[in-house]
Amino acid sequence: MDASMTGATFNILRYTIDDGPGTRSTVFLKGCPLTCPWCSNPESQSTMPELAFREAMCIGCGRCAAHCPAGAITIAEGKARFDREKCEQCMTCVDMCLNSALSCMGTEQTVESVVKVVRRDKDYYDESGGGVTVSGGEPLMQPDFVAALLKRLHEEEISTCLDTTGYCTPEALQKVLPHVDLFLFDLKHMDTAKHLEVVGVPNEPIHESLKTIAGAGIKVVIRIPYIPGFNDDDENLRATAEFVKQVTPDSQVNIMPYHEYGKNKYGSIGKEYLMPPTEKPSQEALAHCKEIFAEYGLECLIRE
(Lines give C-alpha, C1' and ligand atoms only; values in the text may rest on other atoms or scores of the structure.)
Protein backbone atom coordinates (compact mmCIF):
# COMPACT_ATOMS: atom_id res chain seq x y z
CA MET A 1 0.00 0.00 0.00
CA ASP A 2 1.30 3.43 -0.98
CA ALA A 3 1.46 6.07 1.77
CA SER A 4 1.37 8.73 -0.96
CA MET A 5 -2.11 7.55 -2.01
CA THR A 6 -4.66 10.35 -1.77
CA GLY A 7 -8.22 10.49 -0.52
CA ALA A 8 -10.92 13.16 -0.46
CA THR A 9 -11.35 14.45 3.09
CA PHE A 10 -13.24 17.40 4.54
CA ASN A 11 -12.15 17.51 8.16
CA ILE A 12 -9.89 16.00 10.80
CA LEU A 13 -11.40 16.53 14.22
CA ARG A 14 -9.06 16.03 17.17
CA TYR A 15 -9.95 15.22 20.79
CA THR A 16 -13.32 13.61 20.05
CA ILE A 17 -15.11 11.36 22.54
CA ASP A 18 -18.22 10.35 20.56
CA ASP A 19 -16.70 8.26 17.76
CA GLY A 20 -15.45 5.26 19.67
CA PRO A 21 -13.75 4.59 23.03
CA GLY A 22 -11.33 6.96 24.69
CA THR A 23 -9.92 10.16 23.26
CA ARG A 24 -9.81 10.02 19.49
CA SER A 25 -9.19 11.86 16.26
CA THR A 26 -11.87 11.47 13.59
CA VAL A 27 -10.96 11.68 9.91
CA PHE A 28 -13.99 12.61 7.79
CA LEU A 29 -14.03 11.49 4.16
CA LYS A 30 -16.09 12.86 1.26
CA GLY A 31 -18.77 10.90 -0.55
CA CYS A 32 -21.83 8.91 0.49
CA PRO A 33 -24.28 6.79 -1.56
CA LEU A 34 -27.07 7.33 0.98
CA THR A 35 -29.41 10.33 1.03
CA CYS A 36 -30.57 10.42 4.65
CA PRO A 37 -32.68 13.58 5.03
CA TRP A 38 -31.49 14.00 8.64
CA CYS A 39 -27.79 13.82 7.75
CA SER A 40 -25.64 15.95 10.08
CA ASN A 41 -22.77 16.20 7.60
CA PRO A 42 -24.24 17.37 4.27
CA GLU A 43 -20.76 18.46 3.22
CA SER A 44 -19.85 14.76 3.20
CA GLN A 45 -22.43 13.66 0.65
CA SER A 46 -20.74 14.80 -2.56
CA THR A 47 -17.38 13.41 -3.60
CA MET A 48 -16.42 16.83 -5.02
CA PRO A 49 -15.09 19.91 -3.18
CA GLU A 50 -17.84 22.35 -2.17
CA LEU A 51 -17.76 26.04 -1.32
CA ALA A 52 -19.06 26.82 2.17
CA PHE A 53 -20.09 30.33 3.24
CA ARG A 54 -20.76 31.46 6.80
CA GLU A 55 -22.61 34.74 6.40
CA ALA A 56 -22.14 35.76 10.05
CA MET A 57 -18.37 35.85 9.45
CA CYS A 58 -18.58 37.97 6.28
CA ILE A 59 -17.35 41.57 6.68
CA GLY A 60 -18.40 42.61 3.18
CA CYS A 61 -14.90 43.59 2.07
CA GLY A 62 -15.65 42.60 -1.55
CA ARG A 63 -12.35 40.86 -2.21
CA CYS A 64 -14.13 37.61 -3.11
CA ALA A 65 -16.37 39.36 -5.64
CA ALA A 66 -13.48 41.28 -7.17
CA HIS A 67 -11.44 38.14 -7.77
CA CYS A 68 -14.17 35.66 -8.78
CA PRO A 69 -13.36 34.65 -12.40
CA ALA A 70 -16.93 33.46 -13.01
CA GLY A 71 -18.62 36.62 -11.73
CA ALA A 72 -20.65 34.49 -9.34
CA ILE A 73 -20.33 36.81 -6.32
CA THR A 74 -21.89 40.19 -5.57
CA ILE A 75 -22.00 42.30 -2.42
CA ALA A 76 -25.43 43.32 -1.15
CA GLU A 77 -26.31 44.91 2.19
CA GLY A 78 -22.75 44.44 3.36
CA LYS A 79 -22.63 40.70 2.71
CA ALA A 80 -21.43 38.46 -0.11
CA ARG A 81 -24.11 36.85 -2.25
CA PHE A 82 -23.46 33.78 -4.42
CA ASP A 83 -24.90 32.54 -7.69
CA ARG A 84 -24.27 28.83 -7.22
CA GLU A 85 -25.15 28.10 -10.86
CA LYS A 86 -22.31 30.33 -12.04
CA CYS A 87 -19.81 29.13 -9.44
CA GLU A 88 -17.03 27.00 -10.93
CA GLN A 89 -15.78 25.78 -7.51
CA CYS A 90 -12.33 27.19 -8.26
CA MET A 91 -12.04 28.34 -4.61
CA THR A 92 -10.26 31.57 -5.55
CA CYS A 93 -12.65 33.39 -3.23
CA VAL A 94 -11.56 31.23 -0.30
CA ASP A 95 -7.99 32.48 -0.68
CA MET A 96 -9.24 36.08 -0.87
CA CYS A 97 -11.46 35.98 2.23
CA LEU A 98 -10.07 38.04 5.12
CA ASN A 99 -12.26 36.66 7.89
CA SER A 100 -12.64 32.91 7.20
CA ALA A 101 -16.24 33.31 6.04
CA LEU A 102 -15.43 31.10 3.05
CA SER A 103 -13.96 27.63 3.15
CA CYS A 104 -13.48 24.65 0.88
CA MET A 105 -15.26 21.49 1.96
CA GLY A 106 -13.08 18.81 0.45
CA THR A 107 -9.36 18.43 -0.13
CA GLU A 108 -7.14 15.66 -1.44
CA GLN A 109 -4.79 14.44 1.26
CA THR A 110 -2.18 11.72 1.23
CA VAL A 111 -2.16 8.90 3.75
CA GLU A 112 1.05 10.31 5.19
CA SER A 113 -0.35 13.84 5.58
CA VAL A 114 -3.31 12.48 7.58
CA VAL A 115 -1.07 10.32 9.74
CA LYS A 116 1.18 13.30 10.42
CA VAL A 117 -1.79 15.15 11.98
CA VAL A 118 -3.35 12.35 14.00
CA ARG A 119 -0.20 10.83 15.46
CA ARG A 120 0.45 14.10 17.35
CA ASP A 121 -2.07 12.87 19.89
CA LYS A 122 -0.83 9.30 20.28
CA ASP A 123 -0.08 9.82 23.97
CA TYR A 124 -3.73 10.72 24.55
CA TYR A 125 -4.89 7.65 22.64
CA ASP A 126 -2.61 5.41 24.66
CA GLU A 127 -3.64 6.88 28.03
CA SER A 128 -7.39 6.78 27.32
CA GLY A 129 -7.74 3.63 25.24
CA GLY A 130 -8.58 5.75 22.21
CA GLY A 131 -7.30 5.95 18.66
CA VAL A 132 -8.34 7.16 15.23
CA THR A 133 -11.80 6.81 13.69
CA VAL A 134 -12.34 7.08 9.93
CA SER A 135 -15.81 8.41 9.18
CA GLY A 136 -17.69 10.26 6.48
CA GLY A 137 -19.74 10.25 4.40
CA GLU A 138 -19.22 6.61 3.70
CA PRO A 139 -15.50 5.77 4.00
CA LEU A 140 -15.87 2.58 1.96
CA MET A 141 -16.46 4.66 -1.16
CA GLN A 142 -12.66 5.10 -0.97
CA PRO A 143 -11.59 1.60 0.12
CA ASP A 144 -8.01 1.69 -1.16
CA PHE A 145 -7.26 4.95 0.63
CA VAL A 146 -8.98 3.79 3.82
CA ALA A 147 -7.13 0.46 3.82
CA ALA A 148 -3.78 2.22 3.30
CA LEU A 149 -4.55 4.75 6.04
CA LEU A 150 -5.63 2.15 8.58
CA LYS A 151 -2.60 0.00 7.82
CA ARG A 152 -0.28 2.97 8.42
CA LEU A 153 -2.05 3.73 11.69
CA HIS A 154 -1.43 0.17 12.84
CA GLU A 155 2.21 0.59 11.93
CA GLU A 156 2.21 3.59 14.29
CA GLU A 157 0.59 1.35 16.95
CA ILE A 158 -2.60 3.43 16.87
CA SER A 159 -5.95 1.70 17.37
CA THR A 160 -8.35 2.02 14.45
CA CYS A 161 -12.11 2.37 14.11
CA LEU A 162 -14.27 2.57 10.99
CA ASP A 163 -17.63 4.35 11.12
CA THR A 164 -19.70 2.95 8.24
CA THR A 165 -23.21 2.62 6.84
CA GLY A 166 -22.20 -0.82 5.63
CA TYR A 167 -23.42 0.00 2.12
CA CYS A 168 -20.46 -1.11 0.02
CA THR A 169 -19.22 -3.89 -2.20
CA PRO A 170 -17.90 -7.09 -0.60
CA GLU A 171 -14.56 -6.34 -2.26
CA ALA A 172 -14.33 -2.92 -0.59
CA LEU A 173 -15.08 -4.40 2.81
CA GLN A 174 -12.49 -7.15 2.42
CA LYS A 175 -9.79 -4.56 1.70
CA VAL A 176 -10.20 -2.87 5.07
CA LEU A 177 -11.10 -5.81 7.35
CA PRO A 178 -7.50 -6.73 8.30
CA HIS A 179 -6.84 -3.18 9.50
CA VAL A 180 -9.93 -2.38 11.62
CA ASP A 181 -10.05 -2.90 15.39
CA LEU A 182 -13.62 -1.66 15.84
CA PHE A 183 -16.59 -0.96 13.57
CA LEU A 184 -19.26 1.62 14.31
CA PHE A 185 -22.04 0.19 12.16
CA ASP A 186 -25.29 1.97 11.26
CA LEU A 187 -28.62 0.17 11.05
CA LYS A 188 -31.45 2.43 9.93
CA HIS A 189 -34.50 0.30 9.02
CA MET A 190 -35.19 -3.40 8.60
CA ASP A 191 -37.74 -3.03 5.81
CA THR A 192 -35.81 -2.71 2.56
CA ALA A 193 -38.61 -0.88 0.72
CA LYS A 194 -38.81 1.75 3.46
CA HIS A 195 -35.02 1.95 3.56
CA LEU A 196 -34.88 2.52 -0.19
CA GLU A 197 -37.68 5.09 -0.11
CA VAL A 198 -36.17 7.28 2.60
CA VAL A 199 -32.43 6.60 2.51
CA GLY A 200 -32.07 5.97 -1.21
CA VAL A 201 -30.51 2.48 -1.14
CA PRO A 202 -31.75 -1.03 -0.24
CA ASN A 203 -30.63 -2.58 3.03
CA GLU A 204 -29.62 -6.09 1.86
CA PRO A 205 -25.97 -5.13 1.13
CA ILE A 206 -25.79 -3.49 4.55
CA HIS A 207 -26.99 -6.64 6.29
CA GLU A 208 -24.51 -8.74 4.34
CA SER A 209 -21.69 -6.41 5.38
CA LEU A 210 -22.59 -6.81 9.04
CA LYS A 211 -22.61 -10.60 8.66
CA THR A 212 -19.15 -10.47 7.07
CA ILE A 213 -17.76 -8.28 9.86
CA ALA A 214 -19.27 -10.51 12.54
CA GLY A 215 -17.88 -13.59 10.82
CA ALA A 216 -14.43 -12.05 10.87
CA GLY A 217 -14.65 -11.71 14.65
CA ILE A 218 -14.12 -7.93 14.68
CA LYS A 219 -15.74 -5.93 17.48
CA VAL A 220 -18.84 -3.98 16.42
CA VAL A 221 -20.94 -1.25 17.99
CA ILE A 222 -24.37 -1.02 16.34
CA ARG A 223 -25.54 2.56 15.98
CA ILE A 224 -29.20 3.25 15.27
CA PRO A 225 -30.33 6.76 14.37
CA TYR A 226 -33.66 7.02 16.19
CA ILE A 227 -35.86 9.02 13.80
CA PRO A 228 -39.49 9.62 14.90
CA GLY A 229 -41.89 8.66 12.15
CA PHE A 230 -39.30 6.60 10.30
CA ASN A 231 -37.89 3.76 12.39
CA ASP A 232 -39.22 4.27 15.92
CA ASP A 233 -42.19 1.87 15.76
CA ASP A 234 -42.11 -1.28 17.86
CA GLU A 235 -42.27 -3.58 14.84
CA ASN A 236 -39.10 -2.17 13.33
CA LEU A 237 -37.28 -1.92 16.66
CA ARG A 238 -38.03 -5.55 17.46
CA ALA A 239 -37.01 -6.67 13.98
CA THR A 240 -33.73 -4.74 14.39
CA ALA A 241 -33.09 -6.26 17.81
CA GLU A 242 -33.77 -9.75 16.50
CA PHE A 243 -31.39 -9.25 13.57
CA VAL A 244 -28.61 -7.94 15.81
CA LYS A 245 -29.16 -10.81 18.25
CA GLN A 246 -28.82 -13.33 15.42
CA VAL A 247 -25.81 -11.80 13.69
CA THR A 248 -23.69 -10.20 16.40
CA PRO A 249 -25.23 -10.90 19.83
CA ASP A 250 -22.30 -9.55 21.84
CA SER A 251 -22.40 -6.11 20.20
CA GLN A 252 -23.40 -3.05 22.13
CA VAL A 253 -26.31 -1.11 20.62
CA ASN A 254 -26.19 2.69 20.66
CA ILE A 255 -29.39 4.63 20.05
CA MET A 256 -28.66 8.01 18.44
CA PRO A 257 -31.71 10.30 18.97
CA TYR A 258 -32.70 12.62 16.13
CA HIS A 259 -31.35 16.18 16.36
CA GLU A 260 -30.93 19.19 14.08
CA TYR A 261 -27.31 20.02 14.89
CA GLY A 262 -26.29 19.92 11.23
CA LYS A 263 -29.28 21.82 9.85
CA ASN A 264 -27.50 25.15 9.40
CA LYS A 265 -24.74 23.52 7.37
CA TYR A 266 -27.08 22.95 4.45
CA GLY A 267 -27.55 26.59 3.61
CA SER A 268 -23.82 27.25 3.92
CA ILE A 269 -23.13 24.93 0.97
CA GLY A 270 -26.21 25.89 -1.03
CA LYS A 271 -28.33 22.85 -0.16
CA GLU A 272 -31.86 22.55 1.20
CA TYR A 273 -32.58 20.71 4.44
CA LEU A 274 -35.25 18.23 3.34
CA MET A 275 -36.07 16.67 6.69
CA PRO A 276 -39.70 17.51 7.54
CA PRO A 277 -40.39 19.13 10.93
CA THR A 278 -39.71 16.43 13.52
CA GLU A 279 -39.93 16.55 17.29
CA LYS A 280 -36.95 15.46 19.35
CA PRO A 281 -37.65 12.00 20.83
CA SER A 282 -39.01 12.05 24.36
CA GLN A 283 -37.15 10.43 27.24
CA GLU A 284 -40.07 8.03 27.63
CA ALA A 285 -39.83 6.93 24.00
CA LEU A 286 -36.09 6.41 24.27
CA ALA A 287 -36.46 4.43 27.49
CA HIS A 288 -39.05 2.21 25.79
CA CYS A 289 -36.67 1.66 22.86
CA LYS A 290 -33.91 0.66 25.26
CA GLU A 291 -36.25 -1.79 27.01
CA ILE A 292 -37.00 -3.53 23.70
CA PHE A 293 -33.32 -4.23 23.04
CA ALA A 294 -32.85 -5.35 26.64
CA GLU A 295 -35.61 -7.94 26.12
CA TYR A 296 -33.35 -9.56 23.52
CA GLY A 297 -30.40 -9.62 25.92
CA LEU A 298 -28.58 -6.79 24.14
CA GLU A 299 -26.65 -4.06 25.91
CA CYS A 300 -28.21 -0.78 24.79
CA LEU A 301 -27.12 2.81 25.49
CA ILE A 302 -28.77 6.10 24.57
CA ARG A 303 -26.18 8.44 23.01
CA GLU A 304 -27.53 12.01 23.17
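My aim in this report is to walk through the structure given alongside it, one point at a time.

Rules behind the numbers
- Residues numbered from 1 in each chain as written.
- Predicted model: local features only at pLDDT ≥ 70, side-chain atom pairs only at ≥ 80, totals over all residues.
- Heavy atoms only, no water.
- Axes fitted to C-alpha atoms, helices over the stretch in contact; angles between N-to-C directions.
- Helix = DSSP H or I, 4+ residues; strand = E, 2+ residues; numbered from the N terminus.
- Parallel < 35°, antiparallel > 145°, perpendicular 65-115°, else oblique.
- Left-handed = near helix turned anticlockwise from the far one by under 90°.
- Contact = heavy atoms within 4.5 Å.
- Nonpolar A, V, L, I, M, F, W, Y, C, P; charged D, E, K, R; others polar.
- Polar contact = N/O pair within 3.5 Å; in protein donor to acceptor, adjacent residues only side chain to side chain.
- Disulfide = S-S within 2.5 Å.
- Buried < 20%, exposed > 50% of the residue type's maximum accessible area, 1.4 Å probe, protein only.
- Patch = residues over 30% accessible without salt bridge, like charges linked within 9 Å, V, L, I, M, F, W, Y side chains within 5 Å.
- Areas by Shrake-Rupley, 256 points an atom, 1.4 Å probe, with all protein chains shown as cover.
- Salt bridge = Lys/Arg side-chain N within 4 Å of Asp/Glu carboxyl O.
- Lys, Arg positive; Asp, Glu negative; His and termini not counted.
- Charge placed at Lys NZ, Arg CZ, Asp CG, Glu CD.
- Expected span 1.5 Å × (residues − 1).
- Pairing = 2+ DSSP bridges.
- Phe/Tyr/Trp six-rings, centres within 6.5 Å; stacked < 30°, edge-to-face > 60°.
- Lys NZ or Arg CZ within 6 Å of the ring centre and 35° of its normal.

### Considering the packing of helix H3 (residues 111-118) against helix H5 (residues 143-155)
And step 1. Two elements in contact, H3 and H5, have axes separated by 10 Å at closest approach and are oriented at 40°. Taken together, H3 and H5 sit at an angle that is classed as oblique. In the packing of H3 onto H5, the handedness of the crossing is right-handed. Contact residues: Val-111, Glu-112, Val-114, Val-115 and Val-118 in H3; Phe-145, Ala-148, Leu-149, Arg-152 and Leu-153 in H5.
And step 2. Tallied by class, residues from the contact of H3 with H5 come to eight nonpolar, no polar and two charged.

### As for unusual backbone geometry
And step 1. Here the bond from Gly-136 into Gly-137 is cis, since omega is 10°, no more than 30 degrees from zero.
And step 2. Note on placement: Gly-137 falls in the loop between strand S8 (131-135) and H5.

### Digging into helix H7 (residues 192-199)
And step 1. Sitting at the head of H7, Asp-191 places a side-chain oxygen 3.3 Å from the backbone nitrogen of Ala-193.
And step 2. Immediately downstream of H7, the backbone of Gly-200 shows phi near 95°, a positive value.

### Focus on the state of the cysteines
And step 1. All told, the structure shown has zero disulfides when counted by the stated rule.
And step 2. For Cys-87, which is in no disulfide, the shortest distance to another cysteine sulfur is to Cys-93 and amounts to 6.4 Å.
And step 3. When its relative accessible area of 21% is taken as the criterion, Cys-87 is described as partly exposed.
And step 4. The thiol of Cys-161 is not disulfide-bonded; the next cysteine sulfur, from Cys-168, is found 15 Å away.

### Examining a negative patch on the surface
And step 1. Judged by side-chain charge, Asp-191, Asp-233, Asp-234 and Glu-235 come together as a negatively charged surface patch.
And step 2. Judged by relative accessible area, Glu-235 falls into the exposed class, the value being 66%.

### Describing H5
And step 1. The first and last C-alpha atoms of H5 sit 18 Å apart over 13 residues, in line with the 18 Å expected at 1.5 Å per residue.
And step 2. Regarding H5, the residues found buried are Pro-143, Phe-145, Val-146, Ala-147, Ala-148, Leu-149, Leu-150, Arg-152 and Leu-153.

### Describing the pairing of strand S2 (residues 24-29)
And step 1. For S2, the tally of buried residues reaches six of six residues, placing the bulk of the element in the interior.
And step 2. In S2, alternate side chains face the same way, and those of Arg-24, Thr-26 and Phe-28 on one face and Ser-25, Val-27 and Leu-29 on the other are all buried.

### Re the pairing of strand S3 (residues 50-53)
Working note: regular strand, side chains alternate between the two faces of the sheet.
And step 1. Side chains Glu-50 and Ala-52 project from S3 onto one buried face, and the interleaved Leu-51 and Phe-53 project onto a second face that is buried too.
And step 2. Across four bridges, the pairing between S3 and strand S6 (residues 102-105) is antiparallel. Looking across to S6, one finds that Glu-50 is bridged to Met-105.

### Things to note about the environment of Leu-177
And step 1. Here Leu-177 is to be found in the loop between helix H6 (170-176) and strand S10 (182-186).
And step 2. When its relative accessible area of 10% is taken as the criterion, Leu-177 is described as buried.
And step 3. Spatially, the C-alpha atom of Leu-177 lies 7.9 Å from that of Ala-216, the residues being 39 residues apart in sequence.
And step 4. Dropping the residues within four chain positions of it, Leu-177 is found in contact with Phe-183, Thr-212, Ile-213, Ala-216 and Ile-218.

### Notes on the pattern of salt bridges
And step 1. Applying the stated rule across the entire model yields 17 salt bridges.
And step 2. Of the charged contacts, one joins Lys-265 and Glu-43 as a salt bridge, the two residues approaching to 3.2 Å between their closest N and O atoms. In this pair, Lys-265 sits in helix H10 (residues 263-268) while Glu-43 sits in the loop between S2 and S3, placing the two residues 222 residues apart along the sequence.
And step 3. Judged by relative accessible area, which is 7%, Glu-43 ranks as buried.
And step 4. Arg-119 is paired through a salt bridge with Glu-112; the nearest N and O atoms lie 3.8 Å apart.
And step 5. In this structure Arg-119 comes out as partly exposed when scored by relative accessible area, which is 34%.
And step 6. Given the relative accessible area of 29%, Glu-112 is considered partly exposed.
And step 7. One salt-bridge network, held together by shared partners, links Glu-112, Arg-119, Lys-151, Arg-152, Glu-155 and Glu-156.

### Some details on the packing of aromatic side chains
And step 1. Under the counting rule described, the total for this entry stands at five aromatic pairs.
And step 2. Consider the rings of Phe-53 and Phe-82, whose centres lie 4.8 Å apart with planes at 55°: the pair is tilted. Of this pair, Phe-53 sits in strand S3 while Phe-82 sits in strand S5 (residues 79-82), and the two are 29 residues apart along the sequence.
And step 3. The buried category is assigned to Phe-53, whose relative accessible area is 11%.
And step 4. Accessibility expressed as a relative area gives 23% for Phe-82, which makes it partly exposed.
And step 5. Between Tyr-266 and Tyr-273, the aromatic rings sit 4.9 Å apart at their centres with planes inclined by 70°, giving edge-to-face as the arrangement. One exposure class covers both Tyr-266 and Tyr-273, and it is buried.
And step 6. Across from the ring centre of Phe-82, 5.9 Å away, lies the NZ or CZ of Arg-84, which sits over that ring.

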